[in-house]
Amino acid sequence: MEAELYLSVQQFLFSEARLLDERRFDDWLALFSDDALYWMPVRHNRLRESMDEAWEPSKEIEDESGLGYFEDNKHRLTRRVGRLKTGMAWAEDPPSRTRHLISNVEVERTDRQDEVIARSSFLTYRSRNEGKHEDEDLFSGSREDVLRENKDAGSWFIVKRKIVPDWVVVNAQNLSIFF
Amino acid sequence: MNIEELVSENYTAVSRQAFVDHEIFQLEQERIFKKCWLFLGHVSQIKNPGDFFTSYMGEEPVIVTRDHENHINVFVNSCRHRGMRVCRADRGNTRNFSCSYHAWTYDLTGKLLGVPKQKEGYYEELDVSQRGLVSAAKVAEYKGLIFATFDPDAVSLLDYLGNMGWYMDLILDRHEGGTELVTGIHKWRVKTNWKLPCDNNAGDWYHVGVAHGSIARLNGVPNLFADNENRLGVSAEYGHTLCAMYHPEGKHAVSAPNHPKEMAEWQNEVWSNAHTRLGTTRSRLEFIAGNVFPNFSWIPGSFSIRQYHPRGIDEVEIWSYCLVDADAPRIVKDQMRRHYTDTFGPSGLLEQDDGENWHGCFETAGNPVIRKIPFSYEMGHGHEWKDENLRAKDVAKAASEVYQRSFYRRWYEQLTAETDEVELIARGA
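Quick caveat, the model's predicted, so the values are computed rather than measured. (Residues numbered from 1 in each chain as written. Chains lettered and ligands numbered in written order. Predicted model: local features only at pLDDT ≥ 70, side-chain atom pairs only at ≥ 80, totals over all residues. Heavy atoms only, no water.)

*Asks:* Could you give me a rundown of a nonpolar patch on the surface, with the residues and numbers involved?
*Replies:* Residue and element names in this part refer to chain A. Judged by side-chain polarity, Leu-101, Leu-123, Tyr-125 and Leu-138 come together as a nonpolar surface patch covering roughly 380 Å² of accessible area. As for its placement among the helices and strands, Tyr-125 is situated in strand β4 (residues 115-127). By relative accessible area, Tyr-125 is classed as partly exposed at 31%. (Patch = residues over 30% accessible without salt bridge, like charges linked within 9 Å, V, L, I, M, F, W, Y side chains within 5 Å. Areas by Shrake-Rupley, 256 points an atom, 1.4 Å probe, with all protein chains shown as cover. Salt bridge = Lys/Arg side-chain N within 4 Å of Asp/Glu carboxyl O. Helix = DSSP H or I, 4+ residues; strand = E, 2+ residues; numbered from the N terminus. Buried < 20%, exposed > 50% of the residue type's maximum accessible area, 1.4 Å probe, protein only.)

*Asks:* Give a description of the side chain of Gln-307 of chain B that names residues and reports values.
*Replies:* All names here are of chain B. For Gln-307, the location among the structural elements is in strand β18 (residues 304-310). Looking at Gln-307, the relative accessible area reads 1%, which means it is buried. For Gln-307, the side chain forms a polar contact with the side chain of Tyr-321, separated by 2.5 Å. Residues contacting Gln-307, with those up to four places away along its chain left out, are Phe-39, Leu-40, Ser-55, Asn-295, Glu-317, Ile-318, Trp-319 and Tyr-321. (Polar contact = N/O pair within 3.5 Å; in protein donor to acceptor, adjacent residues only side chain to side chain. Contact = heavy atoms within 4.5 Å.)

*Asks:* Could you give me a rundown of the confidence of the model for chain B, with the residues and numbers involved?
*Replies:* Averaged over every residue, the pLDDT of chain B is 94; the share at 70 or more is 96%. Of the two predicted TM-score estimates for the complex, the pTM is 0.96 and the ipTM is 0.97. (pLDDT = per-residue confidence, 0-100.)

*Asks:* Talk me through the packing of helix α2 (residues 22-33) of chain B against helix α11 (residues 402-416) of chain B; I want residue IDs and the actual numbers.
*Replies:* Packed helix pairs are specified by the crossing angle of their axes together with the interaxial distance, meaning the distance between the axes. Residues and elements named next belong to chain B. It is the contact of α2 with α11, at a shortest axis distance of 9 Å, that shows an interaxial angle of 85°. In this view, α2 runs roughly perpendicular relative to α11, as classed from their interaxial angle. Facing Ile-24, Leu-27, Glu-28, Arg-31 and Ile-32 of α2, the residues of α11 in contact are Trp-411, Gln-414, Leu-415 and Thr-416. For the contact of α2 with α11, the class distribution of residues is 5 nonpolar, 2 polar and 2 charged. (Axes fitted to C-alpha atoms, helices over the stretch in contact; angles between N-to-C directions. Parallel < 35°, antiparallel > 145°, perpendicular 65-115°, else oblique. Nonpolar A, V, L, I, M, F, W, Y, C, P; charged D, E, K, R; others polar.)

*Asks:* Any chance you could break down the state of the cysteines for me, citing the residues and the numbers?
*Replies:* By definition, a disulfide is the covalent link that joins the sulfur atoms of two cysteine residues. Residue and element names in this part refer to chain B. Taken as a whole and assessed by the stated rule, the structure comprises 0 disulfides over all chains. Cysteine Cys-198 shares no disulfide, and the gap to the nearest cysteine sulfur, in Cys-36, comes to 11 Å. Counting only cysteine sulfurs, Cys-198 is the nearest neighbor of Cys-361, a cysteine outside any disulfide, at a range of 14 Å. By relative accessible area, Cys-361 is classed as partly exposed at 39%. (Disulfide = S-S within 2.5 Å.)

*Asks:* Explain the environment of Arg-119 of chain A to me, using residue names and the numbers behind them.
*Replies:* Residue and element names in this part refer to chain A. One can find Arg-119 in strand β4. Taking C-alpha positions, Arg-119 is 28 Å from Glu-49, a pair spaced 70 residues apart along the chain. If sequence neighbours within four positions are ignored, Arg-119 has contacts with Asn-104, Val-105, Glu-106, Glu-108, Arg-143 and Glu-144. One polar contact links Arg-119 to Glu-108, side chain to side chain, over a distance of 2.7 Å.

*Asks:* Kindly report on the interface of chain B and chain A, identifying the contributing residues and their values.
*Replies:* For interface size, the figure often reported is the accessible area lost on association. Counting from both sides, the interface comprises 46 residues of chain B and, opposite them, 41 residues of chain A. Counting the surface lost from both chain B and chain A, the interface buries some 3700 Å², and carbon and sulfur atoms represent 50% of this. The largest share of the area that chain B buries against chain A comes from Arg-189, Gln-352 and Glu-356 of chain B, three residues that together contribute 15% of it. Put simply, Glu-62 of chain A and Arg-91 of chain B hold a salt bridge, and the shortest N to O gap is 2.9 Å. The interface formed by chain B and chain A includes 31 residue pairs in polar contact (both at pLDDT 80 or more). The set of elements that each furnish at least two residues to the side of chain B that touches chain A consists of β6 (91-93), β13 (186-190), α6 (208-211), α7 (213-219), β19 (316-325), α9 (330-343) and α10 (351-362) of chain B. (Buried area = accessible area lost by both parts, 1.4 Å probe.)

Now the structure itself:
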């Protein structure tokens, strides 16, 4: 793996996180390709099938026909962002103060010349209203992104983002922010 | 605690004390969650012998299984030895449940199969036949939905649902294939008392234009739903309520998404079918939202049903499911699921703002000054009417608080009745 490629992807993910924390949602949306899929499947506690079974997180999440927290194409994602501008999106009024911490970045080449897979972890803190204890949330999980070269901008498009949450029960009143 | 002081005559006002008082919460556990029929899940979650899922009846963790005789069993998830949960998975398929503490092991019916050291430790004096997991008193199914109650003297599930079953059929019985759940459950927690989301989901049409106003603006229309005299608030009976649209004759009772074209075709097929299955009146009814007392709620326009599980007095854990027509084509089920996820569940564009209100109404309710200011449920009181075509105790305009008055009437009667009176109330006497 060339250092230049790795740094380019890492820089992209960090910049993307900053767009979210600065609530520049239109700029954030522009990072997604027109054929993008933004998907966060639901996770559950399962029985171990045998004594020596490894606990694979992939078996704990729903497949594409199961339930997700997000299952958005670009149109649906655009509506989420559009809602924030209606003046009546009460769950984000006053808005969440977020800090998206992105780490554990790994980059993998794919069969396609112009696409890579980027894996990362997130720890996202949110504070709302007066910031009392019940107004604070922590969200963590992993992400697997398919990124496509954005040659014009010398950057990347997000083609697919699969977000695997570390929770089974969301310990928050809503998921009104992005991951 | 004088319960009579918590509600006004006609239930047009309810004291905030009802939402913050720990004695009341304990009484609710005893007289509501141990007495009422509670929704647990859907038969599609346990299709095969050995299948199980875990859920809650009030705050009691329970296991729901399908045994090898094909019976559905419901028992408390607490070992008869020292109380450890014998199952900590959300769902799966198993032969038995073995406790992780001392390995007391139970079968799919909750029967204790055996314990380690029965001979050396217990001198074979432990009567395992008497130590099965404690079962729900009654388990019953209504058109695919599984319910149970801890009350051995409870009326039948059909009697408990009363008129409400007639409306639930609009979803459960509208097509010969019945319904199934999409795999997976949205579970999340809101810091509020369980009754507030229930009284909202009972049919609060009044909040839709404001609390969910963002969607109208997003869609570029003045109102999410145009004002319509045909939109009704229905007090079915026994505290079960719904908000419904009574469409003009000859019009299909459906406003759900009609794209892609397969979705429109499916809706057409379902509703031409429903006319013969459900009759003229019901083929004109569109079930918008509702609640089966105490905490089983419906949002059929978004293909969704849910439970509001109490988690102490100040928190509710919402379990929300996507309910689809079992024999719909894959593309239609996909569209139903996406429409649900778009609108409800913790990330739903409508749902997000509900939690905001449920928490905000509750967070200061226990304060010494605010506690003295009752919640108001007076809208439309005295303006209800009877409709001989609908199976209902009362009918009102959709923008009415008839739903909440029905809910809190049942709540009050449930809390104050002597045990045998509770049964009478449930029977509608």
